[in-house]
Structure formats: structure tokens, C-alpha cells
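# Fold and geometry: a report
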Amino acid sequence: MSYKLTVDYHTHTVFSHGKGTIRENVLHARQLGLKAIAITDHGPGHNEHGMKRESVPEMRRIITELNNEFDDIKVYLGIEANIINKGNSLDIRPDEFSQYDFVIAGYHYGLDDAYCLENFRTYSKGIRSKDLMLKNTQMVLNALYENDIKILTHPGDKAHFDMVEIAKACADTNTLMEINAQHAHLSVKHIKMCAKTDAKFIISSDAHKPEEVGNLRLALLRAKEAGLDLERIVNLTK
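First things first, this report covers the structure right here in the doc. Everything numeric here is computed off the predicted structure, so don't read it as measured data. (Residues numbered from 1 in each chain as written. Predicted model: local features only at pLDDT ≥ 70, side-chain atom pairs only at ≥ 80, totals over all residues. Heavy atoms only, no water.)

### A short note on the overall build of the protein
The helix and strand inventory of the protein stands at seven helices and nine strands. A compact globule built from 238 residues would reach a C-alpha radius of gyration of about 18 Å, and the protein, at 17 Å, matches this within 12%. With respect to the principal axes defined by its C-alpha atoms, the protein has extents near 50 × 45 × 30 Å. Per-residue burial over the protein gives 57% buried out of 238 residues. In the protein, 74% of the contacts between residues at least 6 apart in sequence involve partners at least 24 apart. (Helix = DSSP H or I, 4+ residues; strand = E, 2+ residues; numbered from the N terminus. Rg over C-alpha atoms; globule rule 2.2 N^0.38 Å. Buried < 20%, exposed > 50% of the residue type's maximum accessible area, 1.4 Å probe, protein only. Contact = heavy atoms within 4.5 Å.)

### Focus: the side chain of Ser204
Position of Ser204 among the secondary structure elements: in strand E8 (residues 201-204). By relative accessible area, which is 0% here, Ser204 ends up buried. In this structure the side chain of Ser204 is engaged in a polar contact, spanning 2.9 Å, whose partner is the side chain of Glu178. Once you skip the residues sitting within four places of it in the chain, Ser204 turns out to touch Asp8, His10, Glu178, Ile179, Asn180, Ala181 and Asn215. (Polar contact = N/O pair within 3.5 Å; in protein donor to acceptor, adjacent residues only side chain to side chain.)

### A closer look at helix H1 (residues 22-32)
Turning to H1, its buried residues are Ile22, Asn25, Val26, His28 and Ala29. Looking straight down H1, one finds its buried side chains confined to an arc of 165°; they lie on one side. Check the buried side of H1 and you find it contacts strand E3 (36-42), helix H2 (56-69) and strand E4 (74-82). Immediately downstream of H1, the backbone of Gly33 shows phi near 80°, a positive value. (Arc of directions from axis to C-beta.)

Next up, the structure:
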């Protein structure tokens, strides 16, 4: 049976390190018949790919114009905030949330306060440190419980976490767990683990080029391999 995305809530543009404009992402989404698309460039705390805070008004202006131009698709302004280990555990402040239609968040390298160096040294070599895993997990739990996050992006990527505890927290906070079409996470193993909780899932393209918008193939294959009930993926349609 064939499935397709109804909404792609995770795409990037030239405002961070994507290759296309907001309009180009939207036009490709329209070609695919998507009902909605979100522009979610990387949070400003990322040392290499972070969007500039001063760009938000321009992004909002462009998106407002596109929503006025097209009546067959809804365009949202979001942000992929970076999870860190200080403050409210994100690289955007609570008072900045109102600038966006919603916030998604994930763990990345390239940040000053996220155990990045320790995780890069261990994760890339397959080394598991219980103490570091506990710190990583608590960092994500803090982000989930202290903020209104719509989607936890590519959970399990780039570091070791207690995925069951994170899945339980996502269920508690009504945060969707992303099966990412660009990254290998959620992995098949982690989908199986997280599916034992009440968490709900979403597939995102994590597009960095307009032609990647709406892509779900590798993510859907992992979900099927894990035996996940596809009804738990909120943005799939037959």
C-alpha cells in the first residue's frame, strides 16, 4: 500500500544552511500536493549553521506573502531549536517562542553548551559512557518539560540517550518523535523501543534542498521494518 505525507514540518532554507529559498520549498511542496509545510531553520546558537535572530521579521514577511498568494497550502514559520544544557535547555529564549508558529528541537553538534565534544569523541567511536548518557538524557528531558516543543527531531542521533525515558517524556508532553528521512534516526531499534510507550510519531524530510521537501522513503522503510503501526505516524495518508 502506498503512503504519502500530508504535511512536512521540518525543512531548511538559505536562512540557515539549506540550498533553496522559502518560496522554492513551498513551490515543491505544492507540486507534491502537501497541505502544509513549515520552514524550520536551525536555531541561532549553532556556531556554523544557525539562523540570525534579526532574520525572523523578513522570514515572517515572506511567509505571510506566500500564504496570501496560495490558498492550496499553509506555510508555517517554525525553528529547529538546538538542545543545550543551560537555561531553558534550548538556544532560543521563552520570550522568543511567540515569534514562531511552533518550535521543533533536536540535538546537534556545533554548540558551545551541549556536551558536543564529549559526544563526538565517544559516539563516533561506538564508546558508551553511562554518565554521559545520563547527562544527555537529562538535557533532553529538561528541554521537553520546560518548553512547548512540537517535534523532537531525529532523536537518538549524534549521542547516546535513554530512549525509553525520552519517549515517555514525549508522550507526557505531547511532543511528536520524528522519524527523519535524512538522518538514520529514529533508527529501527529505537522505533521498536519507543513504540512500547504512548509516544506518537511523525515523518519529516529535513529537506536541505527544495527537491527533498516531502521525501519520506527511507523514513517509511524504517518504520515498516520496525513493525510500527503506521496509524501512529500523524502526517501519513494512504
